[in-house]
Amino acid sequence: MVSKLKILIAYLSYSGNTEEVASYIGEFLNKEGVTVEWHRIGIDVLKDPAYYDLVFLGTFTWDRGSTPDEVKDFVLEVGYKPGNMVIFGTGDTQFGGDDLFCRAADKLARFYESSFPVLKVEQSPRGSQENKIEQWLEGVLNNAKSYA
């Protein structure tokens, strides 16, 4: 049952866009009855990802397709490649076009060998992208039933 899932949402946000997506994800999961805990990368003390059924990891893409240093530090702090990582990212196609759009999220998904599709949001989740997030979450939750 999905409501028995324990989920951590870990994210880094400078402009507020990634935090807004993380909040949207958290609100959606709460409505589904899922237990959600939060980790602000670079601020909060990290619990072992193995404690959670799923870890949603959110980042923005920085400096021509790069992963922010704080997210790289998070990866080092975790110290291993948990198999429960679900990656989401925010980006802006005006800086590098489709080739660099949410590239940091793509890199993290490859690194963690995530079995879940990457969510990529253009700047803010408002408007039509809310439906995109909800459809993505429904797919993640359907695939995550085996974790409960």
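If you're wondering where the values come from, they're calculated on a predicted model, not measured in any experiment.

A. Seen up close, the overall build of the chain. From N to C terminus, the chain includes 5 helices and 5 strands. For the chain, the sequential pattern of α-helices and β-strands runs β-α-β-β-α-β-α-α-β-α. A compact globule built from 148 residues would reach a C-alpha radius of gyration of about 15 Å, and the chain, at 14 Å, matches this within 12%. If you line up the chain on its principal axes, its C-alpha atoms span 40 × 35 × 25 Å.

B. Layout of the nonpolar core. Formed by 25 residues in total, the largest nonpolar core has its most connected members in Ile9, Ile25, Leu29, Phe56, Phe88 and Trp136. Those elements giving two or more residues to this core turn out to be strand 1 (6-11), helix 1 (17-31), strand 3 (54-60), strand 4 (85-91), strand 5 (119-122) and helix 5 (129-144). Leaving out residues up to four positions away in the same chain, Phe56 has contacts with Ile7, Leu8, Ile9, Ala10, Ile25, Leu29, Val86, Phe88, Trp136, Leu137 and Val140. In terms of nonpolar packing, the next biggest core, distinct from the first, is built from 21 residues, Val71, Met85, Ala105 and Leu108 among them.

C. Structural context of the packing of helix 2 (residues 69-78) against helix 4 (residues 103-112). For the pair helix 2 and helix 4, the least separation of the axes is 12 Å and the interaxial angle reads 15°. By the angle between their directions, the pair helix 2 and helix 4 is classed as roughly parallel. Handedness of the helix 2/helix 4 crossing: right-handed. Each of Val71, Phe74, Val75 and Val78 in helix 2 lies in contact with helix 4, whose residues at this interface are Leu108, Phe111 and Tyr112.

D. Main features of the environment of Arg103. Checked against the element boundaries, Arg103 lands in helix 4. When the C-alpha positions of Arg103 and Thr90 are compared, they lie 9.3 Å apart, and in sequence the two are 13 residues distant. Once you skip the residues sitting within four places of it in the chain, Arg103 turns out to touch Thr61, Arg64 and Gly65.

E. Just the sheet that holds strand 4, in detail. Strand order in the open sheet formed by 5 strands is 2-1-3-4-5, with parallel pairing between adjacent strands. This sheet does not close on itself; its edge strands, each paired only once, are strand 2 (35-40) and strand 5. Averaged over all neighbouring strand pairs, the angle between strand axes comes to 20°, with direction disregarded. Most of the contacts of helix 5 go to strand 5, to which it runs at about 170°, and overall it touches strand 3, strand 4 and strand 5.

Here is what the cut-offs are and how they apply
Residues numbered from 1 in each chain as written. Predicted model: local features only at pLDDT ≥ 70, side-chain atom pairs only at ≥ 80, totals over all residues. Heavy atoms only, no water. Helix = DSSP H or I, 4+ residues; strand = E, 2+ residues; numbered from the N terminus. Rg over C-alpha atoms; globule rule 2.2 N^0.38 Å. Core = buried A, V, L, I, M, F, W, Y, C linked by side-chain atoms within 4.5 Å. Buried < 20%, exposed > 50% of the residue type's maximum accessible area, 1.4 Å probe, protein only. Contact = heavy atoms within 4.5 Å. Axes fitted to C-alpha atoms, helices over the stretch in contact; angles between N-to-C directions. Parallel < 35°, antiparallel > 145°, perpendicular 65-115°, else oblique. Left-handed = near helix turned anticlockwise from the far one by under 90°. Pairing = 2+ DSSP bridges.

Coordinates in, geometry out; function isn't part of it.
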